Amino acid sequence: PSIKGKPIKILIAGNIGASHDAPIFQKFIEWSKQQEHIELYLSTAQLDIQSHARIHQLGFIPESQYGSFLSQMDWALVVQNSEVGELSLPSRVYNYFASALPILAICGQNSALWKEVKTLEAGFCLDYEKMEFSEKLKEVFNDQSLSDAYKKKLSNQKNRFSSEQAMKFVNLVVNAEKNY
């Protein structure tokens, strides 16, 4: 199955080659090779991946084109190990929220990422510690209504994650530091 006869496009971004998360990325990539309806778009060339027809290594995408690129994706994969997950939320996640791109998060259940994705109803979370995801992913990717529902919910919150809102927050922090 695929979305409207087209393959499901999944963005994989971040420093994934030398990280603790590399085994999960590798496992996900190997699993996706077996799925004829999935295409992966890697915004990093740090993994040693053999050439494959449905895996696309991306180069630099200029900021002016990044939003348009994200709008062409169906999902963004974000992996975060449990050791750092409770302390931080990857900044690229906010780009995905602002672009109404659903997130497939593989992270700890107590992580900031899990909590934010669940609170915003911005995607689907899988437990990092289990690393068993093949059957769940088939369910998620075979049900287009999930992706559509997440995109709609995120679209309704676009202003919350807009560039203007981000700059207001930066200015607030800068001014608070000046006044401190």
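See the structure above.
Reference entry: report on the structure contained in this document. Fair warning: this is a prediction, and the values are worked out from it, not measured in the lab. The numbers attached to residues start from 1 for each chain and follow its sequence in the written order. At least 70 in pLDDT is required for a residue's local features to be given in this predicted model, at least 80 for side-chain atom pairs to be given and counted, and no such filter applies to totals for whole chains, interfaces and linings, which use all residues. Calculated side-chain values reflect all of the structure's heavy atoms, with hydrogen atoms and water omitted.

The way it works is that DSSP assigns letters per residue, a run of H or I at least four long becomes a helix, a run of E at least two long becomes a strand, and they are numbered from the N terminus. Looking only at helices and strands, the protein chain features 8 helices and 6 strands. For every residue, the accessible area (1.4 Å probe, protein chains only) is compared with the maximum for its type, and the residue is labelled buried under 20%, exposed over 50%, or partly exposed between those bounds. Across the 180 residues of the protein chain, 43% fall into the buried class. Any two residues whose heavy atoms approach within 4.5 Å at even a single point are treated as in contact. Taking all contacts inside the protein chain whose residues are at least 6 apart in sequence as the whole, residues at least 24 apart take part in 64%. Here, Shrake-Rupley sampling with a 1.4 Å probe gives the accessible areas, and only protein chains in the shown set may cover a residue. Roughly 10100 Å² of accessible area belongs to the protein chain as shown, and the carbon and sulfur atoms make up 49% of that amount.

Moving on to unusual backbone geometry. Of note, Ala100 is a non-glycine position whose phi angle comes to about 55°, a positive value. Among the secondary structure elements, Ala100 is positioned in the loop between helix 4 (92–98) and strand 5 (103–107). A positive phi angle, close to 50°, is found at Glu121, a residue other than glycine. With respect to the helices, strands and loops of the structure, Glu121 is situated in the loop between helix 5 (112–120) and strand 6 (123–127). What makes Glu121 partly exposed here is its relative accessible area of 39%.

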